[in-house]
Every structure is written in C-alpha cells, then in structure tokens.
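Fold and contact review
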2 protein chains.
Amino acid sequence: MEEKTIEREVIYEGKIFNVEKHVVSLPNGGTSVRELVYHNGAVAVLVVDEDDRIVLVEQYRKAFESMSLEIPAGKLEVGEEPLASAKRELEEETGYTAETLEKIFSFYGAPGFCSERVDVYVAHGLTAGTMNLDEDEFLQVQRFTFDEAVDLLASGRITDAKTIMAIQWWQLSKLK
Amino acid sequence: MEEKTIEREVIYEGKIFNVEKHVVSLPNGGTSVRELVYHNGAVAVLVVDEDDRIVLVEQYRKAFESMSLEIPAGKLEVGEEPLASAKRELEEETGYTAETLEKIFSFYGAPGFCSERVDVYVAHGLTAGTMNLDEDEFLQVQRFTFDEAVDLLASGRITDAKTIMAIQWWQLSKLK
C-alpha cells in the first residue's frame, strides 16, 4: 500500500512548516500527486488543578479568525524532545511546573496532508508559578470545573481537536 | 485580541489547500507573521454496524509514511454541504447508506496554522451496499468490536484525531 515518491518539488520553506508536492506511485501501478505540509510536531498538556478545574488558554486563531479555548500547547523546537517541550510550554503558558507528565495520546490532526504529530500529556503534581509568554503570544488562562468543561464540549464552544480529546479522556478517567 | 491582516502574500494555490503568509497586527500594537494553510474543510462519520462493530478504513498516509486506521472521511467538494458530503463519503468508502447522520463534533485539527474544519457525524439506520472509491484512493474496510476499538486506542495504534475522538465518544455513549 506504500506510496513511493517519484518526483519531489519543494514549494515553500517557512518558519512553522514546509510545503512539498510529490508525485507518488500507487498500488495499481498508476501515479498521483500528494500536496504535503511538513511540520516539526507539537505537544499539549491536560492540566487539572488542585480544585479539580481544567486549565485552558484562550487565544486568537488567525487560520479561522476566531478565539479558541485550548489545553496548553506549543510546537517542538528543532531537536527538542517532546517531554521537555511539554514541560516548557506548560510553564510558559500557565506558570505551572509538574512533577510528572504522563503521555496519554499521540495524534495526527490532518493526516491527509500534514505530518504534524501532537503528543498529549496529563500533568501530575502541580506547583504554581509565573507565566512567561513568547512576545507574539497573547493568551488568557481560564479555569473550568468538570461540569463546565463537559458543557463547553456539548455546546460546541470547544472546537480544538486536542482539547476535545483531553476533555473526553478526563470524562472517561472519572467513569473508570 | 483579533489579529488584523496588514499584508497578505499568496504562496501556493493547490488542489487540496492554499498557503498564505500574513503580516498581522498584535494586541500590543506590534506586528507578527502568520503562515497559514487554507483548506475547504472535511467530514467524517462514526459507523457502528448491526453487530456493534466500528467500521474503520485503513489507508496509507503519505504525510507520515505510514498506514492509518480511521473512521470514513473525506474533504468537502467546492460548494458542497457538509451533511451531503458525509453521506457521499460514507457510501463511497464503505458502501453504507444511513437513514440519518447526527453531528457530534466540529473540530480544527491544527488550529495554529490550518483552517480545515472537520464535521464528525454518527450514522443511524444503516443499509449495506457497494463501495465506490476515487481512482487514487486505496483503502481497506475493517470492523472492530467495542473492546477491540478501546484496545486500539489504548495501545496507541490509532493516531488519527477524528478517530480517537469518535471512539472516545462511543465509549462515553455506552457509559451514559
């Protein structure tokens, strides 16, 4: 079933992603074109505080011109390990440090064309501290009880893939 | 918090997505650059058959050079309504027609840079029929029991965002 690259064209080399166009061989002997977005990967962290409230960050998402409520997340720096990246993003975006981060999922959000893999962790053993955002990052930390989070999901207010997964994981962990 | 576009450069106009680079104004009066992938959107369908097995399709995903097990899905044609698209993709990829499709989520899989919104439905009232794939589409339909699907999730074998969400939703719907 593998699609081998026969021809490869680099369309764009950016800061966040590269774009390539590949001519690939198909299982039936034919060929097709695949337009591909190459991304270095990202991490995200489910944080439930000492009062059993989920910690979300709200920010503007230019791609769909809307505010979005999401679990803390960020992209991997070049050469950075996902676990180290998750600790860094958690502290930068929320001020929290965690004793341990346990991986709960790895996912591809747009497998048809994008290589971005997101590793999602749950934080254990939190200590509060001070936020430290990137200079072009503007976000507001918000906290929601379990019932509020479930309502945010049911009402369609949360539309971010990793946050939907994380809240459902939280729901399932309570039901076990 | 809105980021207004000051300058817009079209980098690539493709078949599956376009790429643009925007200079945007920031809440602090500064500016930043946003690299953006514009995609027309997609649909996906959770299908549970008459034997309580989930219907997944396995296919090669060039973006990460691996096979991937996913709920049936596809991209919106230009001008197509999501519900009509979901019915079409369900029939093309699995042969099933559904009496009703109920929307359970809309999500953005890569909100940091990509506009693709995926609408996820659950199918009710299935009738089996014949698959009808696009000529460059090669996929295998597979069926898994509830316990098998939960195991596939726990083992990390399923890495597709929409499929993780859909299986979690199925788990939660059984626990209600």
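Values in this document were obtained by computation on a predicted structure and should not be read as measured data. (Residues numbered from 1 in each chain as written. Chains lettered and ligands numbered in written order. Predicted model: local features only at pLDDT ≥ 70, side-chain atom pairs only at ≥ 80, totals over all residues. Heavy atoms only, no water.)

Digging into the interface of chain B and chain A
Condition: Only heavy atoms matter for contacts: two residues are in contact if any of them lie within 4.5 Å across the pair. Note on definitions: buried area is the accessible-area loss of two parts on being combined, 1.4 Å probe, summed for both. A 3.5 Å cut-off defines polar contacts: any pair of N or O atoms within that distance qualifies, except that in protein one atom must be a possible hydrogen donor and the other a possible acceptor, and neighbouring residues in sequence count only when both atoms are side-chain atoms. By definition, any uninterrupted DSSP run of H or I lasting at least four residues is a helix, any uninterrupted run of E lasting at least two residues is a strand, and each is numbered from the N terminus.
In this assembly, 63 residues from chain B lie in contact with 63 residues from chain A. For the pair chain B and chain A, the two sides together bury roughly 5300 Å², of which 67% comes from carbon and sulfur. The largest share of the area that chain B buries against chain A comes from Met1(B), Glu35(B) and Lys62(B), three residues that together contribute 13% of it. The interface formed by chain B and chain A holds 17 residue pairs in polar contact (both at pLDDT 80 or more) in total. Secondary-structure elements contributing two or more residues to the side of chain B that touches chain A are β1 (5–13), β2 (17–25), β3 (31–39), β5 (53–61), β6 (66–70), β8 (97–108) and α3 (161–175) of chain B. When residues of the side of chain B that touches chain A are assigned to their parent elements, the largest contribution, 9 residues, is made by α3(B).

A word on the sheet that holds strand β9 (residues 117–127) of chain A
Residues and elements named next belong to chain A. To keep it simple, the criterion reads: Strands were regarded as paired on the criterion that DSSP finds at least two bridges between them. Axis definition: a line fitted to C-alpha atoms, over the contacting stretch in the case of helices. Angles run 0 to 180 degrees between N-to-C directions.
Here 4 strands make up an open sheet; going across it, the order is β7-β4-β9-β8 and the pairing mixed. The sheet terminates laterally at β7 (73–75) and β8 (97–108), the two strands that pair on one side only. Neighbouring strand axes in the sheet, compared pairwise and without regard to direction, differ in orientation by 25° on average. When strand β4 (residues 42–46) meets β9, the two strands line up parallel, connected through 5 bridges. Along β9, the bridge assignment pairs Leu 46 with Val 122.

Looking at the relation of the copies chain B and chain A
To keep it simple, the criterion reads: For this overlay, a least-squares fit was computed on C-alpha atoms, restricted to residues scoring pLDDT of at least 70 in both copies.
For the pair chain B and chain A, the relating rotation is 180°, the translation along its axis is 0.0 Å, and the fit reaches an RMSD of 0.0 Å. One copy is carried onto the other by what is essentially a two-fold rotation axis. Looking at the rotation axis and the C-alpha trace of chain B, the residue lying nearest is Gly109(B), at 2.0 Å. Mapped onto chain A, 100% of the interface residues of chain B again fall at the interface, so both copies present the same surface.

Some thoughts on the packing of aromatic side chains
Where we set the bar: Each aromatic pair joins two rings of Phe, Tyr and Trp (for Trp, the six-membered one) with centres within 6.5 Å, and gets the label stacked for planes under 30 degrees apart, edge-to-face for over 60, and tilted for any other angle. A simple rule labels every residue: compare its accessible area, found with a 1.4 Å probe on the protein chains alone, to the largest value its type can have, and call it buried under 20%, exposed over 50%, or partly exposed in between.
Taken as a whole, this structure holds 8 aromatic pairs over all chains when the rule is applied. Ring plane angle 5° and centroid distance 3.6 Å describe the contact between Tyr108(A) and Phe64(B), whose orientation is recorded as stacked. Of the two residues, Tyr108(A) is situated in strand β8 and Phe64(B) in the loop between β5 and β6; the pairing between them involves two chains. The class for Tyr108(A) is buried, based on a relative accessible area of 13%.

Quick word on the domain arrangement of chain A
Residues and elements named next belong to chain A. Using the following cut-off: What marks off one domain from the next here is an automatic or database domain assignment. A pairing counts as a salt bridge when a side-chain nitrogen of Lys or Arg comes within 4 Å of a carboxyl oxygen of Asp or Glu.
Per the domain assignment, the segments of chain A are domain 1 (4–39) and domain 2 (42–174). Each of domain 1 and domain 2 has a C-alpha centre, and these two points are 30 Å apart. Contacts between the two partners involve 6 residues from domain 1 and, on the opposite side, 5 residues from domain 2. Interface of domain 1 and domain 2: buried area, both sides summed, is about 550 Å²; carbon and sulfur atoms make up 59% of it. Taken together, domain 1 and domain 2 are joined by 0 salt bridges.

Some points on the nonpolar core
Put simply, the test is: Note on terminology: a nonpolar core comprises buried Ala, Val, Leu, Ile, Met, Phe, Trp, Tyr and Cys residues joined through side-chain atoms within 4.5 Å.
Core analysis: the biggest nonpolar cluster contains 50 residues, and Ile54(A) and Ile54(B) have the highest contact counts within it. Discounting residues that sit within four places of it in the chain, Ile54(A) has contacts with Leu46(A), Val47(A), Val48(A), Ile71(A), Gln142(A), Arg143(A), Phe144(A), Ala149(A), Ile167(A) and Trp170(A). By size, the runner-up hydrophobic cluster in this structure holds 14 residues, among which are Tyr12(B), Phe17(B), Val19(B) and Phe113(B).

With respect to helix α1 (residues 82–94) of chain A
All names here are of chain A. The cut-off we apply is this: Here, expected helix span is obtained from the residue count minus one, scaled by 1.5 Å.
A rise of 1.5 Å per residue sets the reference length of α1, with its 13 residues, at 18 Å; its end C-alpha atoms lie 18 Å apart and thus fit the reference within 8%. Where α1 is concerned, the buried positions are Pro 82, Ser 85, Ala 86, Glu 89, Leu 90, Glu 92, Glu 93 and Thr 94. Where α1 is buried, its residues meet β4, β5 (53–61), β7, β8, β9 and β10 (139–145). Positive phi shows up at Gly 95, right after α1, with a value of about 85°.

Some words on the packing of helix α2 (residues 146–154) of chain B against α3(B)
All names here are of chain B. The line we're drawing: Here the angle decides the label: under 35 degrees means roughly parallel, over 145 means roughly antiparallel, 65 to 115 means roughly perpendicular, and every other value means oblique. In this scheme the handedness of a crossing depends on how the near helix is turned from the far one: anticlockwise by less than a right angle means left-handed, clockwise means right-handed. The nonpolar class holds Ala, Val, Leu, Ile, Met, Phe, Trp, Tyr, Cys and Pro. Asp, Glu, Lys and Arg form the charged class, and all remaining residues, Gly among them, are polar.
Relative orientation of the contacting elements α2 and α3 amounts to 135°, with a least axis distance of 10 Å. Relative to α3, the element α2 lies oblique. Relative to α3, the crossing made by α2 is left-handed. In this structure, α2 uses Phe 146, Ala 149, Val 150 and Leu 153 to contact α3, whose residues at the interface are Ile 164, Ile 167, Gln 168, Trp 170, Gln 171 and Lys 174. When grouped by side-chain class, the residues that make up the contact of α2 with α3 number 7 nonpolar, 2 polar and 1 charged.

Let's talk about the sheet that holds strand β4 (residues 42–46) of chain B
Residue and element names in this part refer to chain B. Spatially, 4 strands are ordered β7-β4-β9-β8 in an open sheet, and the strand pairing comes out mixed. At either margin of the open sheet sits one strand with a lone partner, and together these are β7 (73–75) and β8. Sheet twist, expressed as the average angle between the axes of neighbouring strands with direction ignored, equals 25°. Relative to β7, β4 runs antiparallel, the two sharing 3 bridges. Bridging across to β7, Ala 42 finds its partner in Lys 75. In the packing of α3 onto the sheet, the strands contacted are β4, β7, β8 and β9 (117–127), and the crossing angle to β8 comes to about 115°.

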